[in-house]
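The lines below spell out each chain.
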Amino acid sequence: MALRLGDTAPDFTADTTDGTINFHEWLGDSWGILFSHPKDFTPVCTTELGAFSAAKGEFDKRNTKLLGLSVDSVESHNGWKGDIEETQGTALNFPLIGDPDRKVSDLYDMIHPNANDTLTVRSVFIIGPDKKVKLILTYPASTGRNVDEVIRVLDSLQLTAGYSVSTPVNWKDGDDVIIAPAIADEEAKTKFPKGFKTLKPYLRVTPQPNK
Ligand code: BEZ
């Protein structure tokens, strides 16, 4: 059955460009982003891996490890690395799983046969330190992902894991947030000392509590 939010991220052992990794052990207490690309030596994938590598400092700041994957071999990934650095100006700086036997691709349902029966789609799984799946995104091969959006949702997930809040449409780090409807006004006054505005009884906004 397909993975769903809140499920435990399946554990696996896989060969990567940084050697053999046991997923849960490798994650340790970090957050993790496991993401697939369809194929090595292809244009959109080359731009994505360059952009995720360029943003690695932002993921590090958020205690988040990146792990890429395709059904190509580790040898193929290693042969492609130079092109990523040459064309995108940033060397690949996180491991890529070589999954020619589709072990991990199948475990995470990354091959969608009606899109392509041999290549992975562009899947993104964000996994929390509790090893639960917090977010799933799926893009087709023809559409490159947006690194800023992945960082934005990571910020929301990390914020909402620690406070009784949710983040509104188009929220970005530093914007006001929404107080969980389950929190009564009296409790909200102590939990959110910066104060809050009540637009409707179910829609109360407060400055981002961890800023
Ligand atoms: C690409 O990265 O450009 C790509 C990869 C596989 C299929 C189509 C496009």
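Keep in mind that this is a model prediction, so the values were computed, not measured.

(A) Quick peek at the overall build of the protein. What the protein contains, in helices and strands, is seven helices and eleven strands. Counting only C-alpha atoms and orienting by the principal axes, one finds that the protein spans roughly 60 × 40 × 35 Å. Scored against the burial criterion, the 211 residues of the protein give a buried share of 45%. In the protein, of all internal contacts separated by at least 6 residues, the share reaching a separation of at least 24 is 66%. Total accessible area on the protein stands at roughly 10300 Å², and carbon and sulfur atoms take up 51% of it.

(B) Quick peek at the site of the ligand. Around the ligand, the structure places P38, T42, P43, V44, C45, R122 and A141. Residue V44 places a main-chain N or O atom 2.8 Å away from an oxygen atom belonging to the ligand. Within the side chain of R122, an N or O atom sits 3.1 Å from an oxygen atom of the ligand. Protein chains shield 74% of the accessible area of the ligand, which is 260 Å² for the free molecule. Examining the composition of the shell around the ligand, we find that three residues originate from one element, helix α2 (residues 43–54), more than from any other.

(C) Representation of the confidence of the model for the protein. Per-residue confidence for the protein averages 98 on the pLDDT scale, and 100% of its residues sit at or above 70. The least confident element of the protein, judged by mean pLDDT, is helix α7 (residues 185–191) at 97; the most confident is strand β4 (residues 64–70) at 99.

What counts and what doesn't
Every chain begins its residue count from 1, and numbering advances along the sequence as written. For a predicted model such as this one, the threshold for reporting local features is a pLDDT of at least 70, and the threshold for listing and counting side-chain atom pairs is 80 or more; totals across whole chains, interfaces and linings nevertheless cover every residue. Processing note: side-chain calculations cover all non-hydrogen atoms of the structure and skip hydrogens and water entirely. Working definition: helices are DSSP H or I runs of at least four residues, strands are E runs of at least two. Numbering for both runs from the N terminus. Throughout this description, buried means an accessible area under 20% of the type-specific maximum (1.4 Å probe, protein chains only), exposed means over 50%, and partly exposed covers the range between. Residues count as neighbours in contact if any of their non-hydrogen atoms are within 4.5 Å of one another. In these tables, accessible area is a Shrake-Rupley quantity obtained with a 1.4 Å probe, and a residue counts as shielded only by the protein chains included in the view. In these notes, residues near a molecule or strand are those with any non-hydrogen atom within 4 Å of it. Here a polar contact means two N or O atoms within 3.5 Å. Within protein one must be a hydrogen donor candidate and the other an acceptor candidate, and residues neighboring in sequence count only if both atoms are side-chain atoms. Confidence of the prediction at every residue is given by pLDDT, a number between 0 and 100.

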